[in-house]
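Topology and contacts: notes
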Amino acid sequence: MTFRQKLQAGEVVLATFLKTPHPIMVEMLAQCGFDTLVIDAEHAPFGRAEIDGAILTGRALGLDMIVRIPNDSPDTILQAMDSGAAGLLVPHVNDAAQAGRIVRRMAFGAGGRGFAGTTRAARYGKRPLKDHLDNARNEVALICQIEDPEGAENFAAIAGVPGVDGLFVGRADLAVGFDKDDFFDPEIAGITARVLGHSGTATGLYCAPHEDLAAHRATGARFIVVGSDHTALLRGAPATEWRDALGLT
């Protein structure tokens with residue numbers, strides 16, 4: 001099944017963020033057992049070419065690749081979809097009207113995505129035009145990030161927009177938006193639980209590697225992104241411990 005089909009079927013999808021724009025990192029993470037990788041084009045140095053290369057590598061290894069795009073502009077959406085993204089994680093979605101505009105920008109036609117039949121998504125011209133027009137939108141999941149006070153107020157309406165496949169809680173930005181300095185703050189935890197428990201759509205969140213993932217799953221999370229290649233490297237190379245063992249501290 002595709003990433004979108006898994007979400008619609010109620011399956012749990014386990015992912016991690018890819019923050020290093022190099023194909024070797026994709027290869028390494030593909031061996032770690034994740035269902036998918038999320039290319040972090042919002043906070044890491046991914047341009048169009050780097051996104052394209054990461055998606056190419058992931059698809060060659062049998063991974064659906066999700067892109068957290070930096071904004072919801074039409075050209076940003078088009079480029080990620082033309083590159084063959086299996087899903088878009090869109091930051092700072094705050095109301096149903098904005099979600100509706102994003103859905104429209106993901107579809108071909110007036111006010112939407114421009115058509116090109118020679119992209120990776122269109123199999124470089126090997127896919128018949130009608131087939132691509134009929135199916136391309138349905139192959140890509142749309143997940144809206146809820147990470148501002150306004151979005152937290154409107155999350156149910158956002159989830160109800162046809163074409164929205166999921167909600168993703170951004171606890172760090174929520175904490176900042178609510179003037180908190182800890183995304184484990186009880187108020188943020190309460191908002192997170194309400195969003196994750198929303199029925200009728202998939203929900204998810206980013207988790208630090210040390211968190212109780214089962215608790216989030218019990219609350220309703222189905223798209224769980226744990227750590228990143230950065231956190232894996234930092235956790236896996238305990239130089240301080242090795243220095244202690246060598247008597248160098």
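Data block above holds the structure.
To keep things clear, this report deals only with the structure shown in the data block. On a predicted model such as this, the values are computed, not experimentally measured, just so you know.

**Regarding the environment of histidine 43**
In this structure, histidine 43 sits in the loop between strand 2 (36–40) and helix 3 (48–60). For histidine 43 and arginine 68, which are 25 residues apart along the polypeptide, the C-alpha to C-alpha distance reads 8.8 Å. Beyond its immediate stretch of four places on either side in the chain, histidine 43 contacts Lys19 and Arg68. Of note is the side chain of histidine 43, whose polar atom sits 3.4 Å from the side chain of glutamate 42.

**Regarding the pattern of salt bridges**
Per the counting criterion, the structure on display carries eleven salt bridges. The shortest N-O distance in the salt bridge between arginine 127 and glutamate 139 comes to 2.4 Å. Of this pair, arginine 127 sits in the loop between helix 5 (96–106) and helix 6 (129–135) while glutamate 139 sits in the loop between helix 6 and strand 5 (141–146), and the two are twelve residues apart along the sequence. Classification of arginine 127 as buried rests on a relative accessible area of 7%. In this structure, the salt-bridge partner of aspartate 185 is lysine 180, at a minimum N-O distance of 3.9 Å. Three or more residues joined by partner-sharing salt bridges are found here, namely Lys19, Asp40, Glu42 and Arg68.

**Some remarks on the sheet that holds strand 8 (residues 223–228)**
With respect to topology, eight strands assemble into a closed barrel ordered 1-2-3-4-5-6-7-8, the strand pairing being parallel. If you compare each strand with its neighbour and ignore which way they point, the axes differ by 25 degrees on average. By the bridge criterion, four bridges tie strand 7 (residues 202–207) to strand 8 in an arrangement that is parallel. For glycine 204, the partnering residue across the bridge sits in strand 8 and is phenylalanine 223.

Calculation notes
- Residues numbered from 1 in each chain as written.
- Predicted model: local features only at pLDDT ≥ 70, side-chain atom pairs only at ≥ 80, totals over all residues.
- Heavy atoms only, no water.
- Helix = DSSP H or I, 4+ residues; strand = E, 2+ residues; numbered from the N terminus.
- Contact = heavy atoms within 4.5 Å.
- Polar contact = N/O pair within 3.5 Å; in protein donor to acceptor, adjacent residues only side chain to side chain.
- Salt bridge = Lys/Arg side-chain N within 4 Å of Asp/Glu carboxyl O.
- Buried < 20%, exposed > 50% of the residue type's maximum accessible area, 1.4 Å probe, protein only.
- Pairing = 2+ DSSP bridges.
- Axes fitted to C-alpha atoms, helices over the stretch in contact; angles between N-to-C directions.

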